[in-house]
Amino acid sequence: MAGMQSLKIGVSGVRGIVGQSLTPQLVVGFAEAFGTYLDGGLVVIGRDPRPSGEMVLNALTGGLLSTGCSVIDVGICPTPTMQHAVVDLGADGGIAITASHHPAAWNALKFCREDGVFLNQYQAEELLNVYHQGAFVLRPYDALGRVGVDEGAVNRHLSKVLSSVDREAIAAMAPKVVIDSVNGAGADFAEGLLQKMGCEVIAINDVPNGRFPREPEPLPENLGQLCDAVREHGADIGFAQDADGDRLAIVSAEGEAIGEEFTLAFAADAMAARDAEGPLVTNLSTSRLIEEVAERHGRTLLRTKVGEVNVVERMIATGAVGGGEGNGGVIDPKLHYCRDNLAAMALILQAMAQRDMTVEQWRRQFRTSAIVKDRLDCPAGKTQRVILALRRHYEGREIDLTEGVKVFFDGGAWMHARPSNTEPILRVIAEADDRETARRLCDEALQVAAEAGC
Amino acid sequence: MSALSGEMSRPLKITIAGVRGVVGQTLTPDLLVNFSQAFGTYAGPGRVLVSRDTRSSGRMVAPCVFSGLTATGCEVVDLGVCPTAALQLAVGRSDAVGGVAITAGHNPAQWNALKFCRDDGIYLNARQAEELLNIYHQKEFTKAAWDKLPPVGTDRAAGERHLEAIRAEVDVDAIGAAGLKIAVDCANGACASFTPDFLRSLGCEVVAINDDPELPFPHDPLPTPSNLSQLRALVAAAGADAGFAHDADGDRLGLVTESGEAPGDEYTLCLATEMVLGRGDKGPVVTNLSTTMAVDEIARKHGRDVIRTGVGQVFIAEAAVNYEAAIAGEGSGGVVFPRINYAHDSIATLAHILGLLAEREVPMSALVAEVPKYTIVKREIACPPQRAYSVLEDLRQDLEVSWAEEINLDDGIKLSASDRWVHIRVSMTEPKIRVITEARAQGLAMDLADKYVRRVERLL
């Protein structure tokens with residue numbers, strides 16, 4: 001039964017458990033659908049180092065070639081590296097083989113378009129229609145695509161990041177950095193970047209073999225080893241990556257995991273200080289910390305539905321100075337419209353150097369805030385009823401219905417309840433001045449949802 | 001009939017000889033990953049070697065095969081482009097549990113196929129292939145967990161090891177001393193990267209055409225006389241001592257004499273048999289029911305028996321093993337040298353015929369002239385696969401056998417007399433019924449063919 005439950009096909013891609021639902025058949029089907037959707041052309045494929053990645057890559061390659069697409073394999077690399085390569089190579093699309101922060105048994109496909117941005121909801125639905133209709137356009141033997149390898153993608157990405165920061169300032173500070181790459185895609189590259197910026201680097205979990213020594217999601221509870229290492233080495237900062245290099249968390253010199261919400265807050269602060277124009281963009285579930293950044297730099301803050309592509313499309317439309325998501329995903333538009341740990345580390349270290357500031361000092365510039373994230377099993381068929389119940393429950397308060405229900409309380413507190421894009425759950429997130437209040441706001445919504453049939 | 005023509009034109013053959021289809025139509029990535037998982041489930045766990053011929057679609061087929069095999073937990077070793085015989089040798093001489101050859105042999109470029117071999121390097125026999133097909137149809141494949149998926153390995157030396165094994169079996173010094181000038185047409189197939197250098201290593205002067213594995217097939221990669229006009233012209237222009245033509249994956253060999261004549265497919269096995277029996281290799285000759293009677297005469301001359309099998313490489317290979325044959329092969333130009341391998345092997349065949357040329361010190365045309373003269377006529381009749389066997393059964397029930405001394409029903413119907421025979425059988429690879437006849441006199445062979453083609457057509 002686990003196998004029956006493990007397949008997720010949705011607008012954010014296709015994800016399953018290897019050996020159960022993520023089969024070669026499924027992958028070639030999606031590859032043929034994507035090749036049919038693109039109507040031929042060049043597709044860049046990158047993957048995280050999960051051991052199943054090569055099996056998935058081979059199935060994807062076969063499927064894409066059969067539709068006349070050619071494939072450029074950029075190998076094991078962070079997801080943002082693949083997105084950069086799509087633009088660099090003038091490709092027609094890209095695919096990341098990564099289940100991101102999910103455990104090692106999972107793998108997934110994420111599809112991006114010619115501008116190196118993931119398919120938006122409408123495009124993803126078109127792709128799913130092609131997949132489900134199954135009328136793939138298969139080319140004859142003399143019109144099949146070819147396979148190439150691009151070993152330079154990571155170095156180009158690193159060079160772009162390096163040229164975007166003040167390396168001298170960072171080198172002058174010569175920070176001691178511990179990086180925990182969870183044996184994921186960013187392992188060797190992150191270390192190289194930090195060294196080139198003049199950091200003293202201690203790398204842990206830095207073998208990109210896809211055997212995750214901790215849960216790959218960079219949440220504080222998963223970062224005990226990193227916190228210990230930061231203290232042990234007397235480091236200035238610790239960085240924790242997820243498996244595919246698009247979510248980053250920070251540990252202070254005191255060895256405290258300050259929470260992944262601060263990653264975007266810090267990076268947004270750095271981006272807003274760097275460039276004169278443009279709003280900041282984030283999603284509805286992201287901490288209010290970024291509101292302080294916007295206020296400090298006199299910028300508008302725009303909020304979108306959750307999902308990288310939603311933030312990115314708003315950033316492009318508004319000429320944003322910076323953006324990202326509260327789960328640790330930072331988007332620096334000067335580099336590319338993708339969540340990028342390498343860019344985030346560069347921005348954060350640069351700002352610390354230029355302002356001669358520790359992580360703790362930077363954190364204290366923000367008001368005290370606590371965010372609580374919870375979830376409740378909620379089959380898709382019940383979500384609408386639950387959202388309706390929540391809206392009625394909070395009648396009279398300020399409510400945003402852009403995605404699910406977001407309710408605003410006194411003192412800047414808020415609660416956001418929304419059905420997940422990737423799992424049959426209701427996500428409930430609340431933020432307030434203190435943890436007790438945030439917890440209470442969260443629990444109230446969970447109870448309403450449960451009573452409504454979740 | 002017209003209602004069936006749509007069915008007939010759907011180019012897919014899933015048989016005990018493997019799975020064969022047209023790229024862009026029936027040989028889809030989905031079919032390929034399913035078959036590869038079926039084979040991984042059947043043969044695994046363990047190492048599986050994979051080779052391909054030079055067809056451009058091989059680049060699409062190979063990753064599908066890798067993915068399917070890996071998903072079942074098999075460790076794939078990619079041999080790249082090499083003759084199928086090199087794959088079979090590598091499987092047989094390693095701890096691999098099986099092999100997959102990505103090749104449609106002599107079929108045109110739009111086709112491709114998977115052929116499966118077992119741990120001894122021989123293709124699956126009928127019973128084994130049926131087991132594989134049962135797994136395929138049931139679609140209950142072994143699914144290895146994420147941490148049990150071995151990485152894909154590569155071995156690009158299998159082709160060279162194959163050549164080394166052939167060199168060890170021929171008189172290299174005698175061939176070198178003969179100072180032969182050899183023209184070769186590799187059809188831009190799997191032998192293109194191997195044969196010219198191999199011939200030079202034997203001391204031959206080489207004139208090679210269609211020796212670029214990156215280019216498309218210059219003609220159908222079937223080394224039958226109608227496809228050898230370029231080679232014949234080359235032999236004449238270069239003044240070569242002989243010309244040889246490969247198919248796409250190094251199974252079959254075609255011959256051209258120093259005078260630019262293409263004597264026909266059947267001569268390949270005849271000359272190889274003369275060589276191997278002449279040097280005294282022990283054991284009978286194995287060949288199929290459709291192959292020339294000249295083989296019987298050559299065997300008789302050397303005091304050997306001939307064992308006849310159904311048409312198909314696996315029947316030849318298994319009989320060669322079971323009867324401890326000196327040599328085995330088919331009239332279509334595929335020859336097995338049991339001292340090397342139980343595979344149809346065109347490079348080994350070439351080397352052995354060079355050995356015969358060197359030993360006898362006569363021109364190629366003289367070797368050809370030694371072979372007893374028969375005329376063989378090959379015809380084919382399009383027939384929907386769902387009708388083919390019942391047509392043959394109808395024919396069997398209504399046989400006019402007054403002239404025949406022997407009736408063999410091992411593979412279709414074969415009627416033989418001392419000076420002629422007719423073999424009517426269902427093609428394993430195409431929706432066709434084949435009628436092959438042979439007689440000393442050309443007119444007799446043609447008449448026999450006309451007669452039985454008409455009888456089949458009446459039954460359709």
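Residues numbered from 1 in each chain as written. Chains lettered and ligands numbered in written order. Predicted model: local features only at pLDDT ≥ 70, side-chain atom pairs only at ≥ 80, totals over all residues. Heavy atoms only, no water.

**So, the overall build of chain B**
Move 1: Counting secondary structure elements, chain B contains 16 helices and 20 strands.
Move 2: Considering only C-alpha atoms, chain B reaches an extent of 65 × 60 × 40 Å along its principal axes.
Move 3: Counting all 460 residues of chain B, 63% fall into the buried class.
Move 4: Across chain B, the fraction of contacts at a sequence separation of at least 24, relative to all contacts at a separation of at least 6, is 69%.
Move 5: Counting only carbon and sulfur atoms, one obtains 48% of the accessible surface of chain B, whose full area is about 16,500 Å².
Move 6: Here chain B carries 44 positive and 60 negative side-chain charges, and the mean point of each set is 3 Å from the other. (Helix = DSSP H or I, 4+ residues; strand = E, 2+ residues; numbered from the N terminus. Buried < 20%, exposed > 50% of the residue type's maximum accessible area, 1.4 Å probe, protein only. Contact = heavy atoms within 4.5 Å. Areas by Shrake-Rupley, 256 points an atom, 1.4 Å probe, with all protein chains shown as cover. Lys, Arg positive; Asp, Glu negative; His and termini not counted. Charge placed at Lys NZ, Arg CZ, Asp CG, Glu CD.)

**A look at the packing of aromatic side chains**
Move 1: The full count for this structure, using the stated rule, is eleven aromatic pairs over all chains.
Move 2: Plain terms: the ring middles of Phe266(A) and Trp362(A) are 4.1 Å apart, the flat faces sit at 5° to each other, and that makes the pair stacked. Note that Phe266(A) is positioned in helix α10 (residues 261-274) and Trp362(A) in helix α14 (residues 359-364), a separation of 96 residues in sequence.
Move 3: In this structure Phe266(A) comes out as buried when scored by relative accessible area, which is 0%.
Move 4: Put simply, the rings of Phe30(A), Phe34(A), Phe111(A) and Tyr131(A) pair up and form one aromatic cluster.
Move 5: The side chain of Lys406(A) reaches across the aromatic face of Trp414(A), ending 4.4 Å from its centre.
Move 6: In this structure, Lys414(B) is placed above the aromatic ring of Trp421(B), and the distance from its NZ or CZ to the ring centre is 4.4 Å. (Phe/Tyr/Trp six-rings, centres within 6.5 Å; stacked < 30°, edge-to-face > 60°. Lys NZ or Arg CZ within 6 Å of the ring centre and 35° of its normal.)

**A closer look at the nonpolar core**
Move 1: Of all hydrophobic cores here, the largest spans 74 residues; its most connected members are Leu109(A) and Leu114(B).
Move 2: Setting aside residues no more than four positions away along its own chain, Leu114(B) makes contact with Ala17(B), Gly18(B), Val19(B), Leu32(B), Phe35(B), Ser36(B), Val61(B), Val65(B), Val100(B), Ala101(B) and Ile102(B).
Move 3: In terms of nonpolar packing, the next biggest core, distinct from the first, is built from 73 residues, Leu79(B), Cys82(B), Leu87(B) and Val206(B) among them. (Core = buried A, V, L, I, M, F, W, Y, C linked by side-chain atoms within 4.5 Å.)

**Description of the interface of chain A and chain B**
Many analyses report the size of an interface as the accessible area lost when the parts associate.
Move 1: Contacts between the two partners involve 29 residues from chain A, matched on the other side by 31 residues from chain B.
Move 2: Interface area for chain A against chain B, summed over the two sides, is near 2,400 Å², with a carbon-plus-sulfur share of 65%.
Move 3: Broken down residue by residue, the surface that chain A buries against chain B is led by Gln25(A), Asn58(A) and Tyr141(A), which jointly contribute 24%.
Move 4: Our enumeration of links across chain A and chain B arrives at one salt bridge.
Move 5: The shortest N-O distance in the salt bridge between Arg146(A) and Glu214(B) comes to 3.4 Å. (Buried area = accessible area lost by both parts, 1.4 Å probe. Salt bridge = Lys/Arg side-chain N within 4 Å of Asp/Glu carboxyl O.)

**What to know about the pattern of salt bridges**
Residues and elements named next belong to chain A.
Move 1: Within this structure, the stated rule accounts for 60 salt bridges over all chains.
Move 2: Measuring nitrogen to oxygen at the nearest pair gives 3.2 Å for the salt bridge that ties arginine 339 to glutamate 308. Placement of arginine 339 in the loop between β15 (329-331) and α13 (341-355) and of glutamate 308 in helix α12 (residues 308-318) is noted, with a sequence separation of 31 residues between them. Summarising the burial analysis for this pair, arginine 339 and glutamate 308 share the class buried.

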